[in-house]
Amino acid sequence: QVQLVESGGGLVQAGGSLRVSCAASGGTFNTYAMGWFRQAPGKEREFVAAINWLGGGTYYTDSVKGRFTISRDNAKNTLWLQMNSLKPEDTAVYYCAACPSSDYVGPLLAEYKYWGQGTQVTVSS
């Protein structure tokens, strides 16, 4: 099984940028599709973006299209989420997750078997 550790969260002003990372260990990273999810206080965890095992297929929720970019480097066992033009409504704990179906690039939370502990992103207005 794979272990996931997020980093790179922090406080940023609206309109700014931030990149969060997810380091994987203990498994074969390049066999997993990967996703980013987020959870704001008092809200359910929601899908943000996904990428297949090779990085050639990606999928984003509508609210982040054109602002966020998901990417991965299988040689480094690392997943990233580049977030630009951040808005206060992007404030949440961001989680990376691994899906055993390597080509899955979808939003279903149940498809993702392994989860990190999350990193806080706060966007001030």
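All of the points below concern the structure found in this document.

**Considering the packing of aromatic side chains**
Working step 1: Throughout the structure, instances matching the rule amount to 7 aromatic pairs.
Working step 2: Measuring from centroid to centroid gives 5.9 Å for Tyr-104 and Tyr-112, while their planes differ by 65 degrees, and the two rings are edge-to-face. Here Tyr-104 and Tyr-112 have matching classes, each one buried.
Working step 3: Of the aromatic side chains, those joined through ring pairs into one cluster are Phe-37, Phe-47, Tyr-59, Tyr-104, Tyr-112 and Trp-115.
Working step 4: Over the face of the ring belonging to Trp-115 we find Arg-45, whose NZ or CZ atom lies 5.0 Å from the ring centre.
Working step 5: The lysine or arginine in question, Arg-72, covers the ring of Phe-29, its NZ or CZ lying 4.4 Å from the ring centre.

**Section: the sheet that holds strand β7 (residues 68-73)**
Hydrogen bonds between backbone groups are what pair the strands of a sheet, and the pairing can be parallel or antiparallel.
Working step 1: One open sheet accounts for 4 strands, arranged β1-β3-β8-β7; its pairing is antiparallel. Two strands bound the open sheet, and with one partner strand each, they are β1 (3-7) and β7. Mean inter-strand twist for the sheet, computed between neighbouring axes without regard to direction, equals 15 degrees.
Working step 2: Relative to strand β8 (residues 78-83), β7 runs antiparallel, the two sharing 6 bridges. Bridged to Asp-73 within β8 is Thr-78.

**Regarding the side chain of Ser-21**
Working step 1: Relative to the assigned elements, Ser-21 resides in strand β3 (residues 18-25).
Working step 2: We classify Ser-21 as buried; its relative accessible area is 16%.
Working step 3: Here the side chain of Ser-21 touches Trp-80 through a polar contact of 3.4 Å, side chain to side chain.
Working step 4: Setting aside its immediate chain neighbours within four residues, Ser-21 contacts Val-5, Glu-6, Ser-7, Trp-36, Leu-79 and Trp-80.

So, how was this worked out
- Residues numbered from 1 in each chain as written.
- Predicted model: local features only at pLDDT ≥ 70, side-chain atom pairs only at ≥ 80, totals over all residues.
- Heavy atoms only, no water.
- Phe/Tyr/Trp six-rings, centres within 6.5 Å; stacked < 30°, edge-to-face > 60°.
- Buried < 20%, exposed > 50% of the residue type's maximum accessible area, 1.4 Å probe, protein only.
- Lys NZ or Arg CZ within 6 Å of the ring centre and 35° of its normal.
- Pairing = 2+ DSSP bridges.
- Helix = DSSP H or I, 4+ residues; strand = E, 2+ residues; numbered from the N terminus.
- Axes fitted to C-alpha atoms, helices over the stretch in contact; angles between N-to-C directions.
- Polar contact = N/O pair within 3.5 Å; in protein donor to acceptor, adjacent residues only side chain to side chain.
- Contact = heavy atoms within 4.5 Å.

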